[in-house]
Structure formats: C-alpha cells, structure tokens
Amino acid sequence: IGSLIDLTPDQARREAERVRGAIRNGDDPAGRQTAKRKELTVGQWLDRCVAEHWQAKRKASTARAFKEMIDRTLKPEFGPIKLSDLSRAHVRAWHAKQTHRARQANLDLAILRKAMSLAVADDLIPANPVAGISKHPERVRDRVPSDNEMAALWKAIGDTDIRTTSRLLFRLLALTGCRRDEVRAARWEWVDLHAGLLRLPDAKAGARNVPLPSIAAELLARETRRGEWLIGNDAGDAPLSPSRVHGDWVSVCSAAGINDLRIHDLRHGFATRGATMGANSLVLRDALGHKSLAMTSRCFFMILSRSCGSYGPWR
C-alpha cells in the first residue's frame, strides 16, 4: 500500500479498504504487478520490430538504416521504459530538444511512431503515445557545389589524411552520382570493369546498373581489394560505418575550406553537370536511380534554374 513514512495509520486503513473492495469486484493487483514485470520494454519491442517486421518486409538496406537509428538514438533515450509507461509528454519533450538535428529527429520520431502503432495492433498497448506529435519544419536543401568547390574538394580528397576507402568513396560519388550507401555498402563482386558497370542488386528504386566513367573504372582497377566490401572498414569485415565516413568528410571539407556541404550534395553536383551538358529527364532519371520522372523533374527544374559550368576545372 505504501511506506510508513508516506502514510499515516488512518490513511493506510482507508487505502486497504479501497484495495480490498476493488479485489472483491474482480481487481487483481498482484496479477497486474506480475504482468508489469513481464511486459516488454520499448527497447525490446524495437528490436522485435526490426527482426519480425522491417527485416522481413523491407529492403535490407532500409532495415539496417532503421536499426542504426534505433541503436544510436531511440534505445538510449527510451529503451528501458515499459511499453505502457511510454508517455506522449516524454516523447514530445525529447523531440522538442532536437532542433539542431531536425530532419534526423523527424526520422527517429517516425520509426518510434510506427513501432508503437505495431504495438497497438498487437494489443500490447491501448493507444499510440507518439501519434499526433508534430514534426520539426525542415529546410529544403538544394546546395550545388560550384566548379571551384569541386576542384578544391577533389584536391583535398587526395591530399587529406583520411582512410583510403573514404577517399575512393568520395571520388566515386562525385563521378557516378550514386547515393552514399549505394557505394558504401557495395561489394567487389558487383563491380564489372569489363562492362564498365557497378551492378547494384538492391538500390533504392530496385536493381540497377551504374555506368562507370573511365576515371572511376581506373580508380577501381588500381584499388587493392581488402575483403568483400568495396568500401570496407579497417578490419575489412564490414562496410565502413556512416560515422567514420562522416568524420573523414568533415576533414576533407575543412581542408578544402568549405563549411556547409553534405556528402549528398555531390549527387546534386553530378545531376547539375549532367543537365548543363544536355541530359534530359529520362537520362537523368536512369543515371540517378530515381523511381519516377516526377522526382527527376523536381531535381531537373531546380538544376536548370542555376548556372553551373562543366567538370573541366576539377577533372
């Protein structure tokens, strides 16, 4: 019922009478406590969602990305909490503090919302405590590196003391327009130097073949293979982690004197130069691996609104 410090004898008697009356009416306090001890925590449920829902029903790359976000952010913040104890106030307060990482916090929130929706569907909790929490406004990014910036980046990639695998990754991204993880998680067996292709069996829009420019093919031909991964970690037994890639990218940008450029902006630069060289939406769609022309058109018209030169200064 409570501690002697917190309750007077009269208060304890009244509470005991209330509990006894509730038990006569069918309540089971001991059973509730036992069920509470057996209840899953948020961390355990997130792990189950990865294993039973996302790994089974999503692309492997998507499931890996979800697991990375869960392990990095959601489990440290909410992991020990029982499912039924997770409150909207707690989630909202946490999300409100993430303005410095608005887009990533919105992605974390979406994963947690979906997991709690699955918990409702499985009758583990009566309602979703994450439903209705507003996202942070996100600033649209359309940053396109200029020719001078690309020249500085290309030089810094070669001169900066970073991992050789990061150096190869950054150069391939600039030359192919691929998404970061399409190259980061690629395997050597997917590289076909004879045909000049990087064959991606599970890209974002499905399997596709990425043409390798002659410079990219030469880089790959000269690269020493360490393990099965194209961009392997230091041990060679897995792809280089996103955090280590980011650290090397920060070093390159610092050496190049550029402060506000993301790795993904290399893709914008590739698309920009493709458009200014005369490529139409169909060509750009295939080159960038977009699912639809609508996505390419959005990118295409943004690109045409800018003036940008060729690859000349940095090639």
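A brief report on the enclosed structure follows. Values in this document were obtained by computation on a predicted structure and should not be read as measured data.

Quick look at the overall build of the protein now. Assigned secondary structure in the protein consists of 14 helices and three strands. Long-range contacts, defined here as pairs at least 24 residues apart, represent 66% of the contacts in the protein between residues at least 6 apart. Per element, the accessible surface of the protein, about 17,400 Å² overall, is 52% carbon and sulfur.

Let's shift gears to the pattern of salt bridges. By the definition in use, this model includes 20 salt bridges. Residue Lys75 is joined to Asp47 by a salt bridge in which the shortest nitrogen-to-oxygen separation is 3.1 Å. On the criterion of sequence distance, the pair formed by Lys75 in helix 4 (residues 60-78) and Asp47 in helix 3 (residues 42-57) is long-range, its members being 28 residues apart. Put simply, Lys75 and Asp71 hold a salt bridge, and the shortest N to O gap is 3.7 Å. Of the two residues, Lys75 and Asp71 both sit in helix 4, four residues apart, roughly one turn of that helix. Residue Lys75 is classed as partly exposed on the basis of its relative accessible area, which comes to 25%. Bridged by salt links that share partners, the residues Asp47, Lys67, Asp71 and Lys75 form one connected network.

When two helices pack together, their arrangement is captured by the angle between the axes and the distance separating the axes. The geometry of helix 8 (residues 164-176) relative to helix 10 (residues 214-222) is characterised by a closest axis approach of 9 Å and an angle of 160 degrees between their N-to-C directions. Between helix 8 and helix 10, the crossing angle belongs to the class labelled roughly antiparallel. The two elements helix 8 and helix 10 cross, and the hand of that crossing is left-handed. Judged by residue contacts, Leu168, Arg171, Leu172 and Leu175 of helix 8 engage Ile215, Ala216, Leu219 and Leu220 from helix 10.

Evaluation of the coordinates by the stated rule reveals one cavity of 30 Å³ or more. By volume, the largest cavity is sized at about 40 Å³. Looking at the largest cavity, the residues that line it are Leu172, Thr176, Val183, Leu198, Leu212, Leu220 and Leu230. Residues belonging to the lining of the largest cavity are distributed by class as follows: six nonpolar, one polar and no charged.

This part covers unusual backbone geometry. Phi is positive for Asp123, close to 60 degrees, though the residue is something other than glycine. Turning to its location among the elements, Asp123 is positioned in the loop between helix 6 (102-121) and helix 7 (147-159).

Ranked by internal contacts, the top residues of the largest apolar core, which has 38 residues, are Leu153, Phe170, Val183, Leu220, Leu230 and Trp249. Among the elements of the structure, helix 7, helix 8, strand 2 (197-203), helix 10 and helix 11 (242-256) are those that each provide at least two residues to this core. A per-element tally of this core places helix 8 first, with seven residues. Those residues in contact with Leu153 that sit more than four places away from it in its chain are Trp249, Val252, Cys253, Ala256, Ile258, Leu261 and Leu266. The next biggest cluster of nonpolar side chains, apart from the first, holds 26 residues, and it includes Trp94, Leu109, Leu112 and Val130.

As a further point, take the environment of Pro137. Tracing the backbone shows Pro137 in the loop between helix 6 and helix 7. Using a relative accessible area of 73% as the deciding quantity, one classes Pro137 as exposed.

Locating Asn106 in the fold gives a position in helix 6. Residues contacting Asn106, with those up to four places away along its chain left out, are His95, Lys135, His136 and Glu138.

Quick look at the pairing of strand 2 now. Pairing analysis gives two bridges linking strand 1 (residues 191-192) to strand 2, with the strands arranged antiparallel. Note that in strand 2 the partner of Val191 across the bridge is Leu198. Count of turn residues in the strand 1/strand 2 antiparallel hairpin: four residues, of which Gly196 carries a positive phi of about 70 degrees.

Compared with the 21 Å implied by 1.5 Å per residue over 15 residues, the 21 Å span of helix 11 between its first and last C-alpha is a close match. Listing the buried residues of helix 11 in full gives Pro242, Val245, Asp248, Trp249, Val252, Cys253 and Ala256. Projected onto a plane normal to the axis of helix 11, the buried residues spread over an arc of 140 degrees and lie on a single side. Exposed residues on helix 11 whose side chains face more than 90 degrees from its buried face are Ser243, Ser254 and Ala255.

Quick look at the packing of aromatic side chains now. Inspection of every chain in the model, using the stated rule, returns three aromatic pairs. Consider the rings of Trp54 and Phe66, whose centres lie 5.2 Å apart with planes at 90 degrees: the pair is edge-to-face. Separated by 12 residues along the polypeptide, Trp54 in helix 3 and Phe66 in helix 4 bring together distant segments of the chain. The burial state of Trp54 is the same as that of Phe66; both residues are buried. An angle of 70 degrees between the planes, with centres 5.1 Å apart, marks the rings of Phe170 and Trp249 as edge-to-face. Of this pair, Phe170 sits in helix 8 while Trp249 sits in helix 11, placing them 79 residues apart in sequence. For Phe170, a relative accessible area of 0% corresponds to the buried category. The side chain of Arg171 reaches across the aromatic face of Trp154, ending 5.7 Å from its centre.

What counts and what doesn't
Residues numbered from 1 in each chain as written. Predicted model: local features only at pLDDT ≥ 70, side-chain atom pairs only at ≥ 80, totals over all residues. Heavy atoms only, no water. Helix = DSSP H or I, 4+ residues; strand = E, 2+ residues; numbered from the N terminus. Contact = heavy atoms within 4.5 Å. Areas by Shrake-Rupley, 256 points an atom, 1.4 Å probe, with all protein chains shown as cover. Salt bridge = Lys/Arg side-chain N within 4 Å of Asp/Glu carboxyl O. Buried < 20%, exposed > 50% of the residue type's maximum accessible area, 1.4 Å probe, protein only. Axes fitted to C-alpha atoms, helices over the stretch in contact; angles between N-to-C directions. Parallel < 35°, antiparallel > 145°, perpendicular 65-115°, else oblique. Left-handed = near helix turned anticlockwise from the far one by under 90°. 1 Å grid on protein atoms, 1.4 Å probe; cavity = no way out; pocket = protein on both sides within 12 Å on 5 of 7 lines; lining within 4 Å. Points joined across faces, edges and corners; volume = space filled by probe spheres on them. Nonpolar A, V, L, I, M, F, W, Y, C, P; charged D, E, K, R; others polar. Core = buried A, V, L, I, M, F, W, Y, C linked by side-chain atoms within 4.5 Å. Pairing = 2+ DSSP bridges. Expected span 1.5 Å × (residues − 1). Arc of directions from axis to C-beta. Phe/Tyr/Trp six-rings, centres within 6.5 Å; stacked < 30°, edge-to-face > 60°. Lys NZ or Arg CZ within 6 Å of the ring centre and 35° of its normal.

By themselves, these are just geometric observations and shouldn't be taken as functional.
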